[in-house]
Amino acid sequence: MAKCPSCDADVPTGARWCAICRANVITREVGRLASPGRRLGAYFFDLLAPLIALSVILGVSGAAAFAGVLTGTRAGADAGVGGGLLLAFLLWVAYVIWALVLFARGTTPGKRLLGMRVVKADGRNAGFFTMLAREWIGKPISGLFFLLGYLWILFDRDSQGWHDKLVSTYVVVR
């Protein structure tokens, strides 16, 4: 048995993470495994932030269109809808670009906001293609069978979901 460099607890030989303090026992600078609750918060932010912004923009454009209808100007109604849809599309494109830039740094907008990052088994940040595979291929697979791939995080020794296991990543707190 080895000792955890962070809390001095016994760690089974070959383990990467301490079961007590959840710190990386190979390279202390990597950080600690993120809790399932924190990960869930980041997931909801990643899911809800663009939807809320989109709803606000569509609501504003709908209000402008409704005002155009009330005043009897068809052009005002069309401009409100068209402008709102264009703004919503541009906002969505900006969010996707922001997410892709963060992928190159091994994080997502929600994880960045909550102080987390995704690392490979050796402790380096996950790269762009790893994050792309994890987020756009692995996560749909995790949700495919009654969200079992996400629930796996609660029972896995290293808090890995199926999307993490697919690309050998861990979510850590900075």
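Note that the coordinates shown come from a computational prediction; the quantities given were computed from them, not determined experimentally. (Residues numbered from 1 in each chain as written. Predicted model: local features only at pLDDT ≥ 70, side-chain atom pairs only at ≥ 80, totals over all residues. Heavy atoms only, no water.)

**Some details on the pattern of salt bridges**
Side-chain pairs of opposite charge can arise whenever the charged atoms involved come near each other. Applying the stated criterion to the full structure yields 8 salt bridges. Across the pair Lys 139 and Glu 135 runs a salt bridge whose closest N-O atoms are separated by 3.0 Å. Separated by 4 residues within a single helix, Lys 139 and Glu 135 lie in helix 4 (residues 128-144), roughly one turn from each other. The burial state of Lys 139 is the same as that of Glu 135; both residues are buried. (Salt bridge = Lys/Arg side-chain N within 4 Å of Asp/Glu carboxyl O. Helix = DSSP H or I, 4+ residues; strand = E, 2+ residues; numbered from the N terminus. Buried < 20%, exposed > 50% of the residue type's maximum accessible area, 1.4 Å probe, protein only.)

**What to know about the packing of helix 4 against helix 5 (residues 148-155)**
One way to put it is that helix 4 packs onto helix 5 with a least axis distance of 5 Å and a crossing angle of 85°. One finds that helix 4 runs roughly perpendicular with respect to helix 5. Residues Lys 139, Ser 142 and Gly 143 of helix 4 form the contact with helix 5, whose participating residues are Leu 148, Gly 149 and Tyr 150. (Axes fitted to C-alpha atoms, helices over the stretch in contact; angles between N-to-C directions. Parallel < 35°, antiparallel > 145°, perpendicular 65-115°, else oblique. Contact = heavy atoms within 4.5 Å.)

**Description of the side chain of Thr 169**
In this structure, Thr 169 sits in strand 5 (residues 169-173). Not counting the four nearest positions on each side in its chain, Thr 169 is found in contact with Val 118, Val 119, Lys 120, Ala 126, Thr 130, Arg 134, Gln 160, His 163 and Asp 164.

**Some remarks on the environment of Gly 14**
Locating Gly 14 in the fold gives a position in the loop between strand 2 (10-11) and strand 3 (32-33). With 12 residues separating them in the primary sequence, Gly 14 and Ile 26 have C-alpha atoms 9.4 Å apart.

**A look at the sheet that holds strand 5**
The sheet built from 3 strands is open, its strands ordered 3-5-4 with antiparallel pairing. Two strands close off the open sheet at either side, each with one partner strand: strand 3 and strand 4 (116-120). Relative to strand 5, strand 4 is paired through 5 bridges, and the arrangement is antiparallel. Considered in strand 5, the bridge of Val 118 is made with Val 171. (Pairing = 2+ DSSP bridges.)

**Considerations on the state of the cysteines**
Under the definition given, this model contains 0 disulfides. Cys 18 supplies the cysteine sulfur nearest to Cys 7, a cysteine that is in no disulfide, at a spacing of 3.6 Å. Owing to a relative accessible area of 33%, Cys 7 belongs among the partly exposed residues under this scheme. You can see Cys 21 has no disulfide; the closest cysteine sulfur is in Cys 4, sitting 3.6 Å from it. (Disulfide = S-S within 2.5 Å.)

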